[in-house]
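# Summary of the model geometry
Here's the letter readout for the chains.
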Amino acid sequence: MYNWTLIIARACFEELQSDYLIYWIFMDLTCDSIYIADMVLRTRTGYLEQGLLVNDEKKLRDRYLQSFQYKLDMVSVIPTDLLYAVVGFRYPEVRMNKLVRYNRMLEFFQRTETRTNYPNLLRITNLVMYIVIIIHWNACLYYTFSKTVGFGSTRFVYPDPTDPEFGRLVRKYAYSMYWSTLTLTTIGETPPPEENGEYFFVVTDFLVGVLIFATIVGNVGSMITNMNAARANFQARIDAIKQYMAFRKVTKDLEKRVIKWFDYLWTNKKAVDEREVLKYLPDKLRAEIAINVHLDTLKKVRIFADCEAGLLVELVLKLQPQVFSPGDYICKKGDIGREMYIIKEGKLAVVADDGVTQFVVLSDGSYFGEISILSIKGSKAGNRRTANIRSIGYSDVFCLSKDDLMEALTEYPDAKTILEEKGRQILLRDGLLDLEVSAMGPDPKDTEEKVAHMYNSLDVLQTRYARLLAEHEASQSKLKHRLTKLERKWVPPPPATKED
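Description of the structure in this document. Bear in mind the structure is a predicted one, so any value in this text is a computation, not a measurement.

Counting residues in hydrophobic clusters, the biggest one holds 29 residues, and the most contacted among them are L298, F304, L311, L315 and L419. Mapped onto this core, the elements with two or more residues apiece are α14 (283-299), α15 (309-316), β5 (339-345), β10 (395-401), α16 (402-409) and α17 (413-429). If near-sequence neighbours (up to four positions away) are discounted, L298 is found in contact with F304, L312, L315, V316, L319 and I342. Counting residues in each nonpolar core, the second largest holds 20 residues, with Y35, V157, Y158 and V202 among its members.

If you want it as structure tokens, here you go:
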């Protein structure tokens, strides 16, 4: 940035170079030192080879020395400042070779954009910076063009600097920047050109200005679209629900509850579908994120406290977040228990049948329904809910369904036995276990379910086998077809004749 902005300014505005020469020499030496240090760092920057980080110094050095970037870096550190001894200090453009390091700046911006949490802000900042640099260069070129044509010779060029009002360095740069901004953005009136060279200069500026304007509109439009993408998608869902409720003539009270529920999701940043966001990650990373977010919550449940790590990983991937509105029933007494719930945030009340009397309030970290999804034989409650649980305010809970639990336990039969034993101990302690029924053999219904599951698995295997067999036959047919074509094209060599 230092070289891209100041070399051209020092070359065009002589006072800027001559009045602060000592400072520029010091800054130039500092910049060159940074360039050399960056080259040394590049010889020690690792890279990935077959997925492994290479740290061998010789390999790193050889790779850098053979790259095109090394050639650009060597050009940028050529000590062209020595030409000052020949042409004098009035020509800082001898340092123009330093500008070839621009790609290092672009690399910095790209990596920062990938790592920052505010990519749109960084993109806008970069866009403004690029525009300012272009306007700055154009201002310097305008001043140089005016000097070449003659200051004050026409209304188009810069006024005569012998006039005290236009002789100061600040005024020269400010006037040039003002003219450059009006011309490139095409938003203001400037003195018309009079000479042929002035016409060509203005035409070139207008063409550059059109490109800049198109770039600004395109980039800003893209950024605004990206910034509002989440809100637009969320609003589309709300509009679809509103249209459906109006079409079905839903009551106004229920419609207000639905809209308030959506407002709560957006206000508390809970409108993001976790599965949709994480689906682009590989299974391993998705599992690690789920473990990091949900594992501590799942371990609070008594029956899962000492389970093996593999089962917990399977379960955290199956937890489904749900949000309940004030007054919503999570479950009612007598309902069939197909899910268990873990409260992440909010308050739930165990209420009487009237829905008003509260027996106990459950808060963050509490859980319920864990016994009903195990279907423990001998449970006096069966798999029915034994209480009414209602949300007091907006409540965020995690839900684990019985089907998901059983699917995970098929791979961990020992863990299933341990969980069922823990459930029996809890029921026995609470006096909800019928020992006679529990001591009996397996429930015929369970056996029927297992047989039905085996039949379903067999059907799936048969379908897969039929598909594989069809693919194999198709490949064999293609192979035979290709062999037949080759046989037709092949011409046997003529038989050898015996010499007389």
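From this point, the narrative continues.
It is worth spelling out the layout of surface pockets at this point. Roughly 840 Å³ of internal volume is contained in the second largest pocket. Every residue lining the second largest pocket is counted, 31 residues in all, and those nearest its centre are V272, D273, E274, R275 and P321. Those elements that place two or more of their residues in the lining of the second largest pocket are α12 (252-267), α13 (274-278), α14, β3 (320-324) and β10. Looking at the lining of the second largest pocket, the element that brings in the most residues is α14, giving six residues.

On to the sheet that holds strand β4 (residues 329-331), then. The antiparallel open sheet is built from four strands, whose spatial order is β4-β9-β6-β7. Two strands close off the open sheet at either side, each with one partner strand: β4 and β7 (358-362). This sheet shows a mean twist of 30° between the axes of neighbouring strands, independent of strand direction. Here two bridges tie β4 to strand β9 (residues 388-391), and the two strands are oriented antiparallel to one another. Residue pairing in the sheet places C331 in a bridge with I389 of β9.

We now examine the packing of helix α11 (residues 229-247) against α12. α12 packs onto α11 with a crossing angle of 170° between their chain directions and a minimal axis gap of 11 Å. Between α11 and α12, the angle is such that the two are roughly antiparallel. In this structure, α11 contributes A230, R231, F234, I238, I241, K242 and M245 to the contact, and α12 contributes E255, V258, I259, F262, L265 and W266. The class makeup of the residues in the contact of α11 with α12 is ten nonpolar, no polar and three charged.

For the structure on display, the rule yields 25 aromatic pairs. Look at Y142 and W179: their rings are 4.2 Å apart centre to centre, the planes differ by 10°, and that puts the pair in the stacked class. Highlighted residues: Y142 in helix α8 (residues 119-149) and W179 in helix α9 (residues 169-185), separated in sequence by 37 residues. The class of W179 is buried, set by a relative accessible area of 3%. Residues F145 and F156 carry aromatic rings whose centres are separated by 6.4 Å and whose planes lie at 85° to one another, so their mutual orientation is edge-to-face. Pair noted here: F145 is in helix α8 and F156 is in the loop between α8 and α9, with a separation of eleven residues, a long-range link. Of the two residues examined, F145 and F156, each falls in the buried class. Aromatic ring contacts, followed pair by pair, group F13, Y143, F151, Y158, F166, Y173 and Y175 into a single cluster. In this structure, R101 packs its charged tip against the face of Y35, placed 4.5 Å from the ring centre. Directly above the ring of Y329 sits K332, whose terminal nitrogen or CZ lies 4.6 Å from the centroid.

Conventions used here
Residues numbered from 1 in each chain as written. Predicted model: local features only at pLDDT ≥ 70, side-chain atom pairs only at ≥ 80, totals over all residues. Heavy atoms only, no water. Core = buried A, V, L, I, M, F, W, Y, C linked by side-chain atoms within 4.5 Å. Buried < 20%, exposed > 50% of the residue type's maximum accessible area, 1.4 Å probe, protein only. Helix = DSSP H or I, 4+ residues; strand = E, 2+ residues; numbered from the N terminus. Contact = heavy atoms within 4.5 Å. 1 Å grid on protein atoms, 1.4 Å probe; cavity = no way out; pocket = protein on both sides within 12 Å on 5 of 7 lines; lining within 4 Å. Points joined across faces, edges and corners; volume = space filled by probe spheres on them. Pairing = 2+ DSSP bridges. Axes fitted to C-alpha atoms, helices over the stretch in contact; angles between N-to-C directions. Parallel < 35°, antiparallel > 145°, perpendicular 65-115°, else oblique. Nonpolar A, V, L, I, M, F, W, Y, C, P; charged D, E, K, R; others polar. Phe/Tyr/Trp six-rings, centres within 6.5 Å; stacked < 30°, edge-to-face > 60°. Lys NZ or Arg CZ within 6 Å of the ring centre and 35° of its normal.

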